[in-house]
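So you can see what is in the structure, the chains are spelled out below.
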Amino acid sequence: MSADASAAGQINAALGANVASGAPEVLARHGLGGKLPAAAAFPETPEQAAAVLALADRLGWGVVPWGGGAGRAAGRVPARYDLALGTGRLNRLLDLDAENLTLTAEAGMTLAEANRLALPHRQCLPLGFGREARSLGGLVAANHTPPRRLLHGDLRDQLLGLRVATADGRLVRFGRKVIKNVAGYDMNKLYLGSAGMFGLIVELTFKLASQPDEEGALLGEFPDAAGALAAAAALYASALLPSFLFVLDVDAGAGLRAALGLPVRPAGWQLLAGFEGRGQALRRQLADTRALMARHGARQVETLGPLPEAAGQCLEQPAPGGAPAALRLRLGMAAADLAPELERLPRDAATLGVAAACVADYGSGRLLAGLSDPAPGRVADVAHFISAWRARVTARQGYLAVQAAPDDLRARVHPWGDAGGDFILLCALKAQLDPRGTLSPGRFL
Amino acid sequence: MTPPPREALIARLGEIVGPDAVLHRRADRFVYGYDASVFRGTDVVAVALPRTTDEVARVMRLARAWQVPVVARGAGTGLNGGALPQGECIVVALARMNRVLRIEPENRLAVVEPGVVNQDLKEHLAGLGFGFTYVPDPGSQVVSTVGGNVGNNAGGMHCLKYGVTANHILALEVVLPDGQVVDVGGPAAGRPGPDWAGLIVGSEGTLGIVTRIMLRILPLPETVVTQLALFPTLADAAETVSGIMAAGILPAALELLDRKMMTMVDRFIHVGYPPEAGACLIIEMDGLTDGMDVELRRVAEICKANRALEIQTAHTPQEAQKLWLSRRAAYGSMARISPTVYVIDCSVPRNRMAEAIEAIVAIGARLGLDVVTVAHAGDGNLHPLIPFDRKDSAGRAAALKAHHEIMELCVNMGGSITGEHGVGVEKQEELALMYNAAELDVMFAVKRALDAAHLCNPGKILPLRMFPPAARGAGPLEVRGI
């Protein structure tokens, strides 16, 4: 049964609290591919969130969990979309245990707020470059790749525990705030990256890191891809400990240089390497890396301090020709495969009349591509291009995820790929954990 | 369904893996009822020793067709009894799948079969001279297999900085209970969807059999410095651990021995600890050479501020090995005094470690047991060791009771019933101390999703009452005894 205009009223009546709205301007903010929900609910407690889900599950509504909205462009338009279930009001700090370096917060808290709270203890949650507005729950649901993961690890390494409202409205908690917390199946790993398909994450516990004493980065500019990539490979194979390592093509590099206030010319390939630490160790890493870049043909090397948030945006969402990308792809592969693919992808895209800007997150094996909007007559060709690239990378255990796409293209390609072991397990678990298909129906499955 | 004749099953297994790779005589079967835990398994139908993924898949399909459970086994060094057969089943021993398939230093990864011994992989990597290693180092690393480490999400001395096995596994090839072979995970970060490889790590062979493992290898650190610090009391050592972490220093390893443990080790290898020492820490720092002296000075200052009696620093790898011997000789020193030592695994918040160890000693004293503790202190991961005589039924009961009470204590302190040894049969009832009925039910949904017929290592991890009677094997631990 789908919800009608009275859905918000039904929720508020059932909960005895004013948590849901059917106001047109609220619904408009929660559209997905032109589809609007009948209501949007913003519970203030985990118990309310669970109660909303229990009601929706009983009534057969389709519910899309909603954090900060950063993931709205991912996934297909939901098959049923009755309710947007937002975590915006679930934003309290529950525990900051500086002595044990852990933080527990509700899922709607932003990364910026978590870091603001940790800073007086000289600690941080190293999931970004600084003060990102994304919600903690959204970052976990999307299995966000932290830019500084070479030093601090992935989200899987930082996440110690979580509390989830299940599709049928039960509240369950897994993991603990101790570092070695897993007993039984490691359910954190199941909810991490599940895009809200198995439940709504309402609370999270993270391991904190010490705030680095100093941070420094180098941006080397190279005349060609070969030099920048060879320098990245050499740095990756060395005993040096970069916290991040990105190679940017000419187009993506120009965007980053502009965001950093550096002259955009000469237009070359860029290698960005970041380091954290103190005194002598940091200075040595910067000096060695500068020399390494020079050996590989860098024409100039700029020294940078801590990166601004805008730089993170340029790295994650490269903009072809300086314009926001209509189509964003994320490809994963072994690090050494990045070199040929980084040059090949824009070449392939160009044959379809599509411009591409690309970034290689070298230490993570990720290739982030921003592509321009395909001409209306080329949508089928671009869909074929995506499928062919997916086949290429999955043959070597890589992946291709469509992070954002125009609606006509979204309908033609699966956002994650619907073959292989990952998909088999996804279907098996979805059938057990959300048998009525309440959560995000049709978005990824 | 009536069980198939044993002979027919053995013959079919022989057709799949070859007659030389099926063990079915009583004496052969008997040894597979044992592992490194204090528990005992039952007799089995047969033991199959496959050499390929295809053979594992065919054994699984045979097991499915005849509804005979399968128990995967590595080197049998697990301490939770997870590899023990608990009823008529086929043991799939993966010892012959022991090839290192690929090493790719440029991608920081290696691909191995599950039967590769952890230490052999490290030596293989060292022999190649690329300057890379596989970090996880459970105490059993000289015999335990990488597949077993994956099954139990094994830890080790260097988890503090580098994480447990799960943190080093990139991808797995798994034979699912229906005989399908699937690949999950991959070499790159940011893979869309749940972390399936992470979910399967630590699932103790209850969701399928892992037949191929892609793991992360890391460049060797430029410098490693090992220190041993002696303290008058346990509380001083524990305060030092908290102090080091609070100062933003992340040692590679931070191990603690309590006074009784030091006494045992001293009797065994004659270290010569001063009598006033009540606890010791082994501190290992690694990283770049530049700035290491500054870090070591800071560590020394924190030790001194917490009344350290003495700090020894190793200047050569040989000296480092000597300092590490205090820790590595811990289990051996206990084996000298008792035929059976119950190695318990639990974790507590780091800042409550001293309080926990004292409470554990008190639990032991109340039950007439002499508890000795060694700990991965940086993680708050404790290993209380309980010597007992398994021939004495009262002693056995006391050891089991102590275990249960220690688990209650750790959970009440905000800790976990296991840090790195897993659940198996040992802690399946204690899992309910950490998780309520709804939580256990959601966990059980994972099992149902992949193994509704309970063919893969049935009746393990989750409390026995959750399983259908046919999947409960030999019954509850207190009935089976230890």
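Just so you know, these numbers come straight off a predicted model, no measurement behind them.

> Go over the overall build of chain B, please, and point to the residues and values.
From N to C terminus, chain B includes 17 helices and 19 strands. In terms of overall dimensions, chain B is globule-like: its C-alpha atoms have a radius of gyration of 23 Å, near the 23 Å expected for 482 residues. For the C-alpha atoms alone, the extent of chain B along its principal axes is close to 70 × 55 × 40 Å. Expressed as a percentage of its 482 residues, the buried residues of chain B come to 56%.

> Kindly report on the overall build of chain A, identifying the contributing residues and their values.
Helices and strands together make up the secondary structure of chain A, namely 16 helices and 19 strands. Scaling as 2.2 N^0.38, a compact globule of 445 residues should have a C-alpha radius of gyration of about 22 Å, and chain A matches this with 22 Å. On the principal axes, the C-alpha backbone points of chain A span a range of 70 × 60 × 40 Å. With 445 residues in all, chain A has 60% of them scored as buried.

> Explain the domain arrangement of chain A to me, and be specific about the residues and the numbers.
Residues and elements named next belong to chain A. Along its sequence, chain A is carved into domain 1 (7–86), domain 2 (93–210), domain 3 (214–314) and domain 4 (317–407). A C-alpha centroid distance of 23 Å is found between domain 1 and domain 2. Taken together, the 15 residues of domain 1 in the interface contact 21 residues of domain 2. Considering every element that reaches the side of domain 1 that touches domain 2, the biggest residue donor is helix 3 (residues 46–59), with eight residues. Its residues placed into classes, the side of domain 1 that touches domain 2 shows nine nonpolar, four polar and two charged.

> Kindly report on the sheet that holds strand 6 (residues 102–106) of chain A, identifying the contributing residues and their values.
Residue and element names in this part refer to chain A. The strand order 5-6-10-8-9 describes an open sheet built from five strands, whose pairing is antiparallel. This sheet does not close on itself; its edge strands, each paired only once, are strand 5 (93–97) and strand 9 (171–175). Averaged over all pairs of adjacent strands, the angle between strand axes in this sheet comes to 15°, irrespective of strand direction. Examined bridge by bridge, strand 8 (residues 159–166) and strand 10 (residues 199–207) share seven bridges and lie antiparallel to one another. By the bridge assignment for strand 10, Val164 is matched with Ile201.

> Which residues make up the interface of chain A and chain B, and what values go with them?
The interface of chain A with chain B comprises 68 residues on the first partner and 71 residues on the second. Elements represented by at least two residues in the side of chain A that touches chain B include exactly helix 7 (155–158), strand 9, helix 8 (187–191), helix 9 (225–237), helix 11 (279–295), strand 16 (327–332), strand 19 (399–404) and helix 16 (421–433) of chain A. With 10 residues, helix 16 of chain A is the largest single contributor of residues to the side of chain A that touches chain B. The residue inventory of the side of chain A that touches chain B, partitioned by class, reads 30 nonpolar, 20 polar and 18 charged.

> Any chance you could break down helix 16 of chain A for me, citing the residues and the numbers?
With 13 residues, helix 16 of chain A ought to run about 18 Å at 1.5 Å a step, and its terminal C-alpha atoms sit 18 Å apart, in line with that. Burial in helix 16 of chain A covers these residues: Gly421, Asp422, Leu425, Leu426, Leu429, Lys430 and Leu433 of chain A. Down the axis, helix 16 of chain A shows its buried residues gathered within 155° of arc, on one side only. For helix 16 of chain A, the secondary structure elements touched by its buried residues are strand 8, helix 8 and strand 10 of chain A together with strand 9 (181–185), helix 7 (196–200) and helix 16 (437–451) of chain B.

> Describe in detail the packing of helix 1 (residues 7–15) of chain A against helix 3 of chain A, supporting the description with residues and values.
All names here are of chain A. Contact geometry of helix 1 with helix 3 gives a least axis separation of 10 Å together with a crossing angle of 125°. Between helix 1 and helix 3, the angle is such that the two are oblique. Our pair here, helix 1 against helix 3, has a crossing hand that is right-handed. Residues Ile11, Ala14 and Leu15 of helix 1 form the contact with helix 3, whose own contacting residues are Gln48, Ala51, Val52 and Leu55.

> Account for the sheet that holds strand 13 (residues 244–248) of chain A, naming residues and giving values.
Residue and element names in this part refer to chain A. Spatial ordering of the open sheet is given by 15-12-14-13-17-18-16-19, a layout of eight strands whose pairing is antiparallel. Every interior strand has two partners, whereas the edge strands, strand 15 (300–304) and strand 19, have only one. Neighbouring strand axes in the sheet, compared pairwise and without regard to direction, differ in orientation by 20° on average. Relative to strand 18 (residues 366–371), strand 17 (residues 356–361) is paired through six bridges, and the arrangement is antiparallel. Each bridged residue has a counterpart across the sheet, and for Asp361 the counterpart in strand 18 is Arg366. The strands touched by helix 9 are strand 12 (214–222), strand 13 and strand 14 (269–277); relative to strand 14, the strand with the most contacts, the crossing angle is about 25°.

> Pulling in residues and values, what's your account of the pairing of strand 5 (residues 100–104) of chain B?
All names here are of chain B. Bridging between strand 5 and strand 6 (residues 109–112) involves four bridges; their strand directions are antiparallel. The partner of Ile103 across the bridge, within strand 6, is Ala110. The turn linking strand 5 back onto strand 6 is made up of four residues, and Arg108 within it adopts a positive phi angle of 55°.

> Can you lay out the environment of Gly68 of chain A for me, pointing to particular residues and giving the numbers?
All names here are of chain A. Along the chain, Gly68 turns up in the loop between strand 3 (63–66) and strand 4 (83–86). A residue is classified by how many C-beta atoms lie within 10 Å of it, and Gly68, with 20 of them, is buried. A C-alpha to C-alpha distance of 37 Å links Gly68 and Pro266, two positions 198 residues apart in sequence. With near-sequence residues (within four places) excluded, Gly68 lies in contact with Ala133, Arg134, Ser135 and Gly138.

> Lay out the pairing of strand 4 of chain A in plain terms, naming residues and giving numbers.
Residue and element names in this part refer to chain A. Burial along strand 4 is two-sided: Leu83 and Leu85 and Ala84 and Gly86, pointing in opposite directions, are all buried. Bridge analysis of strand 2 (residues 39–41) against strand 4 gives three bridges, and the strand direction is parallel. Paired with Ala40 across the strands is Ala84, a residue of strand 4.

> For unusual backbone geometry, give the residues involved together with the corresponding values.
Residues and elements named next belong to chain B. The phi torsion at Gln67 lies on the positive side, around 55°, for a residue other than glycine. With respect to the helices, strands and loops of the structure, Gln67 is situated in the loop between helix 3 (53–66) and strand 3 (70–73). Given 14 C-beta atoms within a 10 Å radius, Gln67 is considered partly exposed. The phi dihedral of Arg108 is positive, around 55°, even though this residue is not glycine. Tracing the sequence through the fold places Arg108 in the loop between strand 5 and strand 6.

> Explain the domain arrangement of chain B residue by residue, including any values.
Residue and element names in this part refer to chain B. According to the domain assignment, chain B consists of domain 1 (8–93), domain 2 (100–219), domain 3 (223–331) and domain 4 (338–412). Placing a centre on the C-alpha atoms of domain 1 and another on those of domain 2 gives a separation of 22 Å. In this assembly, 14 residues from domain 1 lie in contact with 21 residues from domain 2. Elements supplying a minimum of two residues to the side of domain 1 that touches domain 2: helix 3 and strand 3. At six residues, the largest contribution of residues to the side of domain 1 that touches domain 2 is made by helix 3.

> Just give me the short version of the environment of Gly277 of chain A, but keep the residues and values in it.
Within the element layout of this structure, Gly277 of chain A appears in strand 14. Counting along the chain gives 82 residues from Gly277 of chain A to Ala195 of chain A, while the straight-line C-alpha distance between them is 34 Å.

> Outline the packing of helix 1 (residues 6–17) of chain B against helix 3 of chain B, listing residues and values.
All names here are of chain B. In contact at an axis separation of 9 Å, helix 1 and helix 3 are set at 160° when each is read in the N-to-C sense. Between helix 1 and helix 3, the crossing angle belongs to the class labelled roughly antiparallel. Crossing handedness for the pair helix 1 and helix 3: right-handed. The residues of helix 3 that touch helix 1, namely those facing Leu9, Arg12, Leu13, Ile16 and Val17, are Glu55, Arg58, Val59, Leu62 and Trp66. For the contact of helix 1 with helix 3, the class distribution of residues is seven nonpolar, no polar and three charged.

> Describe the environment of Gly18 of chain B, and please don't skip the residues or the numbers.
Following the sequence through the fold, Gly18 of chain B ends up in the loop between helix 1 and strand 1 (22–23). Spatially, the C-alpha atoms of Gly18 of chain B and Leu49 of chain B are 8.9 Å apart, while their sequence positions differ by 31 residues.

> Any chance you could break down the confidence of the model for chain B for me, citing the residues and the numbers?
Segments scoring low in pLDDT should not have their predicted coordinates read at a detailed level. Averaged over every residue, the pLDDT of chain B is 95; the share at 70 or more is 99%. The ipTM, which scores confidence in the relative placement of chains, is 0.96 for this predicted complex, and the corresponding pTM is 0.97.

> Requested: an account of helix 13 (residues 353–366) of chain B, with residues and values cited.
All names here are of chain B. When the terminal C-alpha atoms of helix 13 are compared, their 20 Å separation across 14 residues agrees well with the 20 Å that a helix rising 1.5 Å per residue should span. Those residues of helix 13 that fall on the buried side of the exposure criterion are Met353, Ala354, Ala356, Ile357, Ile360, Val361, Ile363 and Gly364. Its buried side turned inward, helix 13 meets helix 8 (234–246), strand 13 (253–258), strand 18 (372–376), strand 19 (381–388) and helix 14 (393–412). With its phi angle positive at about 75°, Gly368 sits one or two positions after the end of helix 13.

About the criteria used
- Residues numbered from 1 in each chain as written.
- Chains lettered and ligands numbered in written order.
- Predicted model: local features only at pLDDT ≥ 70, side-chain atom pairs only at ≥ 80, totals over all residues.
- Helix = DSSP H or I, 4+ residues; strand = E, 2+ residues; numbered from the N terminus.
- Rg over C-alpha atoms; globule rule 2.2 N^0.38 Å.
- Buried ≥ 20, exposed ≤ 12 C-beta atoms within 10 Å, placed from the backbone.
- Domains from an automatic or database assignment.
- Contact = placed C-beta atoms within 7 Å.
- Nonpolar A, V, L, I, M, F, W, Y, C, P; charged D, E, K, R; others polar.
- Pairing = 2+ DSSP bridges.
- Axes fitted to C-alpha atoms, helices over the stretch in contact; angles between N-to-C directions.
- Expected span 1.5 Å × (residues − 1).
- Arc of directions from axis to C-beta.
- Parallel < 35°, antiparallel > 145°, perpendicular 65-115°, else oblique.
- Left-handed = near helix turned anticlockwise from the far one by under 90°.
- pLDDT = per-residue confidence, 0-100.

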